[in-house]
Amino acid sequence: MKAYLRAVLTLARKDALLERKSLETVTATASFTLLVAVLFHFAFDIRSAEGARFFPGALWIAVLFAGTIGMARSARIDEVEGRGRGPALAPVDRSALFLGKFLFHLVLMLLVEGVAVPVFIAAFALRGVALPHLFIAGLVLGTWGFVALGTLLAGATSGERSTGLLLPLVLFPLLTPVALGGVAIVTAAVTGDVTPATGTWLRLLLVFDVLFTAVPALLYESVLEV
Amino acid sequence: MIRAMIGAQKALSIGTVLLIPASLYMVFVYAPNEATMGVVQRIFYYHVATAWNGYLFIGLVALMSLIYLIRREDTWNRAARSAAELGVLFITLTLIAGSLWARPVWNVWWTWDPRLVTTLILWFFYVAYLLIQAGAGESQRQKRFAAVFGIVGVIDIPLVHYSVVLWRSIHPNVVRPGNPGMPPEMLITMIVSVIAFTVLGLYLWSRRLEVESLSQRVEALKAKVLPL
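What you are looking at is a predicted structure, and each value in this text was computed from that prediction instead of being measured. (Residues numbered from 1 in each chain as written. Chains lettered and ligands numbered in written order. Predicted model: local features only at pLDDT ≥ 70, side-chain atom pairs only at ≥ 80, totals over all residues. Heavy atoms only, no water.)

Trainee: Looking at this structure, how should I read the interface of chain B and chain A?
Mentor: Interfaces are frequently sized by the accessible area removed from exposure as the parts join. With 27 residues of chain B at the interface, the matching set in chain A holds 33 residues. Together chain B and chain A conceal approximately 2,600 Å² of surface at their shared face, both sides included; 75% is due to carbon and sulfur atoms. It is Arg141(B), Phe145(B) and Leu159(B) that lose the most area in chain B upon contact with chain A, and together they represent 25% of the buried surface on that side. The partner of Arg141(B) in a salt bridge is Glu79(A), and the shortest N-O contact between them spans 3.3 Å. Counting the contacts that link chain B with chain A gives five residue pairs in polar contact (both at pLDDT 80 or more). Counting residues per element, the ones that place at least two in the side of chain B that touches chain A are helix 5 (114-136) and helix 6 (140-167) of chain B. (Contact = heavy atoms within 4.5 Å. Buried area = accessible area lost by both parts, 1.4 Å probe. Salt bridge = Lys/Arg side-chain N within 4 Å of Asp/Glu carboxyl O. Polar contact = N/O pair within 3.5 Å; in protein donor to acceptor, adjacent residues only side chain to side chain. Helix = DSSP H or I, 4+ residues; strand = E, 2+ residues; numbered from the N terminus.)

Trainee: Explain empty space enclosed by the protein to me, please; I cannot follow it from the model alone.
Mentor: All names here are of chain A. Of the voids in this model, the largest cavity is the one considered here, and its volume is about 30 Å³. In terms of lining, the largest cavity is formed by Thr29, Gly67, Gly70, Met71, His105, Leu108 and Met109. For the lining of the largest cavity, the secondary-structure elements that each account for two or more residues are helix 3 (51-80) and helix 5 (94-123). (1 Å grid on protein atoms, 1.4 Å probe; cavity = no way out; pocket = protein on both sides within 12 Å on 5 of 7 lines; lining within 4 Å. Points joined across faces, edges and corners; volume = space filled by probe spheres on them.)

Trainee: Explanation requested: the packing of helix 8 (residues 176-191) of chain A against helix 6 of chain B in the structure shown.
Mentor: Axes are the key here: two packed helices are described by the angle between their axes and the distance separating the axes. Running from N to C, helix 8 of chain A and helix 6 of chain B cross one another at 30 degrees; their axes reach a closest spacing of 8 Å. If you check the angle between helix 8 of chain A and helix 6 of chain B, you find them roughly parallel. Crossing of helix 8 of chain A against helix 6 of chain B: the hand is left-handed. Listed contacts from helix 6 of chain B to Thr176(A), Pro177(A) and Leu180(A) of helix 8 of chain A are Asp156(B), Leu159(B), Val160(B), Ser163(B), Val164(B) and Trp167(B). (Axes fitted to C-alpha atoms, helices over the stretch in contact; angles between N-to-C directions. Parallel < 35°, antiparallel > 145°, perpendicular 65-115°, else oblique. Left-handed = near helix turned anticlockwise from the far one by under 90°.)

Trainee: Please clarify how the environment of Pro87(A) should be interpreted in this entry.
Mentor: Residues and elements named next belong to chain A. With respect to the helices, strands and loops of the structure, proline 87 is situated in helix 4 (residues 85-89). As a C-alpha pair, proline 87 and leucine 11 span 76 residues in sequence and 7.6 Å in three-dimensional space. In this view, proline 87 contacts Leu11, Lys14 and Leu97; residues no more than four positions away in its chain are not counted.

Trainee: I keep staring at the packing of aromatic side chains and nothing clicks. Help me out?
Mentor: Two measures describe an aromatic ring pair: the distance that separates the ring centres and the angle between the ring planes. Applying the stated rule across the entire model yields 19 aromatic pairs over all chains. Considering the side-chain rings of Phe208(A) and Phe212(A), the 4.7 Å spacing of their centres and the 55 degrees angle between planes classify their relative orientation as tilted. Taken as a pair, Phe208(A) and Phe212(A) lie in helix 9 (residues 196-223) at a separation of four residues, close to a single helical turn. One exposure class covers both Phe208(A) and Phe212(A), and it is buried. Residues Phe145(B) and Phe149(B) carry aromatic rings whose centres are separated by 6.4 Å and whose planes lie at 55 degrees to one another, so their mutual orientation is tilted. (Phe/Tyr/Trp six-rings, centres within 6.5 Å; stacked < 30°, edge-to-face > 60°. Buried < 20%, exposed > 50% of the residue type's maximum accessible area, 1.4 Å probe, protein only.)

In structure tokens:
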């Protein structure tokens, strides 16, 4: 078990080191997220009083779009530069390869959100967040499920000519619970208006997260290049 | 199993020829007119039947995908792809029939009711699946990816449905356990339509499987004659 966890961490660290050298993916993803905030203002001409109404949806759209592009890109680079081959030879269970990749993408997205959230709060003229804990819980749970499924599907679509277009097409329909739940929880956290449904959303996201971390870990082997 | 499906083709074709006219008769003549919706309500019998087939074939996609991942024989991949094609067909028909019904009854072509949203998501899922298959060509890896996607999709559909129900809930919930909510003539008509469409769906699938099995044979023969 300990050796397995060490393998997962080592694999994640390998990706983190490569990313630290260039900072390409994190820069592109973060700036794309911020661009969505600007586009939202252009598209809906949002006044400060309505900021809270648009904030949760805009934030999630930004996270999902930017994250998808980021993961597709990172998977594509792995494919083109053959970075997947080394780890594929490692004497560890194949699920460790998935979990390492997943962990790297998760940390990357949480970093991006760390930059995006303050900017979004300012851009949508919020006076802070009523329930910060709930806000963070919703964001982390939603991101976890998103990144877990995204890691599986990005890895699998990386060999495709149409990677950039195919990933969102296959990923977004499956992400319906994350999109709905994420927006519902963030809305409750921003307004402080917690209902019994908020708890149900949190549990639903948790079920989604656990399920779509475990199932891809089992199936990841099938989508690796053999 | 696939061979059995192809073998059952004759029985399925006879069943289709008998059941489809029977269901047409029941839908248009036997079933009474609904009190408030009138004749438009008769769309319901086909709407339910095609929707049921949509869910049946997604189940078949997942089952065939799972067998493909275990056995790695192309036959199962082809069976899954054929099932997905029929799934797209039936879900598209469900959406169109539902929309035709909703216009006079709900006064809109489309609403964001949970069942409609789930069905729409299911349609997107099938289209994405076929896109993966279309791009797969001879790549074993892409075929395995399609299979993984098929399985993950089926696991996801209940969560998608539950989440859209939680999100909002005006679709008439006609069939509840213990209370069919309609007169027996309507219920019988619905059941006959569902059975007729199931047999039709399976018949189409068996034809499709036969075509795939023939094309596999042709490819094998070509490989023998033209060794490249």
